[in-house]
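# Topology and contacts: notes
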Amino acid sequence: MSLTLKSGFSFDYDNLYGEGKVTEADLKSYAEDLKKAHEAMKVMREKGFIKAHLSKDGEPEKVLFSQLPYIEEGHLNSPKSLAHLKELTDHVKGNVDAVVSLGIGGSFLGNKVLFDVHCGAFWNAMSDEERKGFPKIYFSGNNIDPRSTGDLIHHLESQAEIVKTHKNRKYKVLLLVISKSGGTLDTMSNFMVIYDQLKKCDQIEVEVVAVTDPNEQKPTLLKKLAMEKGWPTYSVPDGVGGRFTIFCEVGLTMAACIGMDIEQFLAGARDMDEACKNDDIWQNPAMLNAALKFAAAEKHGRDIEVMMPYGDYLKSVSEWYIQLLAESLGKQFDKDGKEVCYGRTPLVAVGTTDMHSQTQQHQEGKLNKVVQFIKVAKWDKDLVIPNVFPEAQKLADISGVTMGEALEVARQSNEDALSSNQRFNACFTLPELTPYHLGELLYMLAMSVAYEGELSNVDAFNQPGVEAYKRIMGPKLQALKASK
Ligand code: PA5
C-alpha cells in the first residue's frame, strides 16, 4: 500500500497499516479528530491561526510556515525577497572565499541539510572552478566548543596564508550570523570569538551578514548591531519557528551561498502543500503519516520514531527531523492545560551504517518503535561494483550491480526482516535527490507534525521546555562573570 504523488514521491505504509499493525478501526476511532485537524490546517493556511498557540512571551502569535512555499507579493517569500537573495548569490560568487554559517537549532539544522544534500562532503576540498565560484562553507555556533572553534579559526588563517602566497590578495570571509532572537549564547559567543580573531588577521577581510528578526522598532541585539555597522540583513520572520525556517531566509541564505535552486526547492514544498490540502486521508501524505504514527504510538505503544534515510548525505535530514518532532510534540501540557506529557521520541539512524549497530535493537528490542525509511530511487552518477577479483567468489557475487541497487537491496532486506518480526516500518521514496523532492519531503514532515499537534491536542509551535534551562543558565553565567 502506498500513496504516490504525480511527482513520483511516495509514502509506502504497507508495514505500518493492516492486520497486526495500525488498523482500519484505529483510524476510524480518530475520524472526528482527523476532520478537525484538517479543518485546523485550513484555518492555519488562510489566517495563520492555530488554536491556543502563544509565543514564548505568552502573546497570541501567528503560524505562517505554510505560506512560505508560495512566492507572492506581500508574502514572506516574494519576488522581491528572492531578488534580495539573488544579490547575496551575486555577491559571494567569485568574490567571497569562505562563508561561515553561525547558528544553532532551527538556525543551523536546515542549513546543514541544504549544504549536505547540495554540496556533499568534499565541497571545501574542490577547486573554485568545481564549486563554480561559490565559496567554501563552514558551520559554527552550533556548540560552545573551544577546540572546534579554535580549529576553524586556525584553518581560515592557514587558508588565508595560502591565498596570500599564491594570489597575493586577502582571503575574504563572510560570517553569516543567524539568530532569530539575536542573542543566543552559543551563536553569539562563537561569532564574537571568530569575528575578533579574524579581524586581527592582516590577511583576512571579514564581512558580516545578519539573519534575524527584522523588527526595527524593537530590534534584537543582532539587528541593532547590523543597523549600527551597516551589515546587510535577511529576515527570520515572525510566525516562523526555528524548526520551520529552512523554507525562509534562514535556509534560503545558505541556498543562495551554494547556488542551490531555491525556486525548485520551494516548488517541491508548494506541490506538497497542495497534496496536503486533500480532504481524503489516503491522498494526503501529511495527514496519513500523522494519523498512522499517532495511532501507532497511542494504540500500539510504538512511540519511538527511528528516522533512517539510506545515504550518507541524508543524515542531516534525520537530525533536522529530530528537532522538528521533539520540539513540536514533546509537551507536558495540552492546549487545555491538562498534564499529558505527550511526545514520540525521535532517533537518528542512517542506512546502511546503522544496520551494523542499531538494527539489533530495532529487530529484537522493545516493541516500541516505528522505523521510518527514506529511500532515493535513482542516484545521480551511480557506480557499478566491478568484478576486479574474480578469483574471490564472494566478491565476484556482489559485482555487476550498482552501489545504488545494493543500497536498496540492503534497505529492503532490513524492511523485510523488521516486518517479519512485528516491527512497524514505513518508507518515503524520493524519485531523485533534487531540491524539488527535498522540498516535498521536508514540507510534508513539517505539515505532518502540525497535524499531529492537533490530534494530540498539544501546541506544536511553542517550545516552553527549552526555557527551563535558560532560566538557570542566565544567572549562572552572571555569577561566573562576577567571580572573575
Ligand atoms: O526551534 C527553535 O526555536 C530553536 O531551536 C532555535 O532555533 C534555537 O534556539 C536558536 O535560536 P535563535 O535563532 O534565536 O538563535
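Check the entry above for the structure.
Right, let's walk through the structure included here. Treat the numbers as computed from the prediction; the structure is a model and nothing was measured.

### Brief notes about the pattern of salt bridges
One pass over the full model with this rule turns up 23 salt bridges. In this structure, D90 engages K86 in a salt bridge whose closest nitrogen and oxygen atoms are separated by 3.1 Å. Of the two residues, D90 and K86 are both situated in helix α3 (residues 79-92); the distance of 4 residues between them amounts to about one turn of the helix. Overall, D90 belongs to the partly exposed group, its relative accessible area being 45%. With a shortest N-O distance of 3.1 Å, R243 and E327 are connected by a salt bridge. Residue R243 is found in the loop between β7 (233-235) and α8 (249-258), and its partner E327 is found in helix α11 (residues 315-329); the two are separated by 84 residues along the sequence. Its relative accessible area of 2% is what places R243 among the buried residues. Under the relative-accessibility criterion, E327 is labelled partly exposed at 22%.

### Here we look at the site of the ligand
What surrounds the ligand is a group of 13 residues, the closest being S107, S179, T184, Q323 and E327. Q463 is positioned with one of its side-chain polar atoms (N or O) 3.4 Å from an oxygen atom of the ligand. About the coverage of the ligand: the protein hides 84% of its 390 Å² of free accessible area. Looking at the shell around the ligand, its residues break down into 1 nonpolar, 9 polar and 3 charged. Counting contributing residues per domain, the shell around the ligand is built from domain 1 (2-51 + 265-466) and domain 2 (94-258), each supplying no fewer than three.

### Points about the side chain of D97
Here D97 shows up in the loop between α3 and β3 (98-102). The class for D97 is buried, based on a relative accessible area of 13%. In terms of polar contacts, D97 uses its side chain to reach the side chain of R169, at 2.9 Å. Side-chain polar atoms of D97 contact the backbone nitrogen of K172, separated by 2.7 Å. Setting aside chain neighbours within four positions, we find D97 in contact with P135, K136, R169, K170, Y171 and K172.

### Regarding the sheet that holds β7
Taken in spatial order, the 5 strands line up as β4-β3-β5-β6-β7 in an open sheet, and their pairing is parallel. Edge positions in the sheet fall to β4 (136-140) and β7, since each of these pairs with one other strand and no more. Taken pair by pair, the neighbouring strands of this sheet meet at an average axis angle of 20 degrees, ignoring direction. Across 5 bridges, the pairing between β3 and strand β5 (residues 171-178) is parallel. Pairing of V100 across the sheet is with L175, part of β5.

### With respect to the nonpolar core
Grouped together as the largest cluster of nonpolar side chains are 105 residues, with contacts concentrated most on F65, F265, L442 and M447. Residue contributions to this core peak at 12 residues, all from helix α15 (residues 435-456). In this structure, V173, L175, L198 and V208 belong to the second largest nonpolar core, which totals 25 residues.

### Focus on the sheet that holds strand β8 (residues 304-309)
Strand order across the open sheet formed by 6 strands is β1-β2-β13-β12-β8-β11, with mixed pairing between neighbours. Only two strands of the sheet have a single partner each, and these edge strands are β1 (2-4) and β11 (345-348). Taking the axes of each pair of neighbouring strands and ignoring which way they run, one obtains an average angle of 15 degrees across the sheet. Sheet analysis places β8 next to strand β12 (residues 369-378), joined by 6 bridges and oriented parallel.

### Here's the deal with helix α14 (residues 403-419)
Helix length check: α14, at 17 residues, gives a terminal C-alpha distance of 24 Å against a target of 24 Å (1.5 Å per residue), a fit within 8%. Along α14, the positions that sit buried rather than exposed are G404, L407, E408, A410, R411, N414, E415 and L418. Summarising the axial view, the buried residues of α14 lie within an arc of 155 degrees, below the 170-degree limit, and thus occupy one face. Seen from the open side of α14, the exposed residues pointing more than 90 degrees away from its buried face are V409 and D416. Its buried side turned inward, α14 meets β8, α12 (359-364), β12 and β13 (424-432).

About the thresholds
Just so you know, the residues in each chain are numbered from 1, in the order the chain's sequence is written. Where totals are concerned, whole chains, interfaces and linings use all residues; where local detail is concerned, this predicted model gives features only for residues with pLDDT of at least 70, and gives and counts side-chain atom pairs only at 80 or more. Side-chain metrics in this entry use all non-hydrogen atoms of the structure; hydrogen atoms and water are not considered. The term salt bridge refers to a pairing of a side-chain nitrogen on Lys or Arg with a carboxyl oxygen on Asp or Glu at a separation within 4 Å. The helix count covers DSSP runs of H or I at least four residues long, the strand count covers runs of E at least two residues long, and both are numbered beginning at the N terminus. Think of it in three bands: residues with accessible area under 20% of the maximum for their type are buried, residues over 50% are exposed, and the middle band is partly exposed, with areas taken using a 1.4 Å probe on protein chains only. Whether a residue is near a molecule or strand is decided by its heavy atoms; if any one of them lies within 4 Å of it, the residue is near. We call two N or O atoms a polar contact when they sit within 3.5 Å, provided that within protein one can donate a hydrogen and the other can accept it, with sequence-adjacent residues counted only if both atoms are side-chain atoms. All accessible areas in this document rest on Shrake-Rupley with a 1.4 Å probe, and a residue is counted as covered only by the protein chains that are shown. Residues were grouped as follows: Ala, Val, Leu, Ile, Met, Phe, Trp, Tyr, Cys and Pro as nonpolar; Asp, Glu, Lys and Arg as charged; and all remaining residues, including Gly, as polar. An automatic or database domain assignment is the source of the domain bounds shown. Contacts are assigned to residue pairs that have any heavy atoms within 4.5 Å of one another. DSSP-based pairing: two strands are paired if at least 2 bridges between them are found. Fitted lines through C-alpha atoms serve as axes, helices being fitted only where they are in contact, and the angles separating the N-to-C directions of these axes extend from 0 to 180 degrees. The definition of a nonpolar core used throughout is a set of buried Ala, Val, Leu, Ile, Met, Phe, Trp, Tyr and Cys residues joined through side-chain atoms within 4.5 Å. By this rule the span expected of a helix is its residue count minus one, scaled by 1.5 Å. It is the directions from the helix axis to the C-beta atoms whose arc is reported.

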